[in-house]
Amino acid sequence: MELCWHGRGGQGVVTANEILAETAIREGKYVKAFPEFGPERMGAPIRAFTRISADPIKVHSQVYEPDVVIVLDPTLVGKVKITAGLKKESVILANYPGSPDELRDALQTDAKCYTVDATRISTEEIGRPMANTSMLGALAKISPIVSFASLEDQMTTKFTGKLPDKAIVKNLSALKRAYTEVR
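A short tour of the structure in this document, coming up.

### Here we look at the pattern of salt bridges
Alright, step 1. By the definition in use, this model includes 15 salt bridges.
Alright, step 2. Across the pair D67 and K87 runs a salt bridge whose closest N-O atoms are separated by 2.6 Å. Of this pair, D67 sits in the loop between strand 3 (45-53) and strand 4 (68-71) while K87 sits in the loop between strand 4 and strand 5 (91-95); the two residues are 20 residues apart in sequence, bridging distant segments of the chain.
Alright, step 3. Salt bridges sharing partners connect three or more residues here, namely D117, R120, E124, E125, R177 and E181.

Here's what the structure looks like:
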């Protein structure tokens, strides 16, 4: 399974990519996960890539034909090449307030699209528009990459000692809401 993440610097794209990779490793899978950096600054568009497999991974390049594209920032729709390299069976998951059909129209694609208003969820649950954990919840719902329970465990492990317990609970709440609200 190959994934391509799109977001902006400071939105947690790299952290979400790391949490997904660490979760897959805990489940006994092989993983390659890395960001693509250039002269990025806070707010600049960035990408990250993840490969997850039951077998050792021998490919050491960026993902050119993703199975799943994850968009953390809805303002990137129509501004960056989100649909580049999509295969017939590829899916797009976007932090997007509109419907999947509206996203498909905006991207001018035939790909299967899923949407979740992760910005709204994270603002309501966490208190700020940090959509990365919400997007992980939605991803767990639309794809069998990792189990939701493993994702919850890994987020708790990763954030323990780094965030206050109250903040961890808020992030887990955002994760669960996005899991249930993705469409």
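### Here's the deal with the packing of aromatic side chains
Alright, step 1. Taken as a whole, this structure holds two aromatic pairs when the rule is applied.
Alright, step 2. Judged by centre distance (5.6 Å) and plane angle (45°), the rings of F34 and F49 are tilted. One end of the pair, F34, is in strand 2 (residues 30-36); the other, F49, is in strand 3, and 15 residues separate them in sequence.
Alright, step 3. Overall, F34 belongs to the partly exposed group, its relative accessible area being 27%.
Alright, step 4. By relative accessible area, which is 1% here, F49 ends up buried.
Alright, step 5. Between F148 and Y179, the ring centres sit 4.6 Å apart and the planes meet at 45°, which makes this aromatic pair tilted. In this pair, F148 is assigned in helix 5 (residues 148-159) and Y179 in helix 6 (residues 165-181), connecting sequence segments 31 residues apart.
Alright, step 6. With a relative accessible area of 27%, Y179 lands in the partly exposed category.
Alright, step 7. Directly above the aromatic system of Y179 lies the positively charged group of K141, at a separation of 4.8 Å from the ring centroid.

Rules used in this analysis
- Residues numbered from 1 in each chain as written.
- Predicted model: local features only at pLDDT ≥ 70, side-chain atom pairs only at ≥ 80, totals over all residues.
- Heavy atoms only, no water.
- Salt bridge = Lys/Arg side-chain N within 4 Å of Asp/Glu carboxyl O.
- Helix = DSSP H or I, 4+ residues; strand = E, 2+ residues; numbered from the N terminus.
- Phe/Tyr/Trp six-rings, centres within 6.5 Å; stacked < 30°, edge-to-face > 60°.
- Buried < 20%, exposed > 50% of the residue type's maximum accessible area, 1.4 Å probe, protein only.
- Lys NZ or Arg CZ within 6 Å of the ring centre and 35° of its normal.

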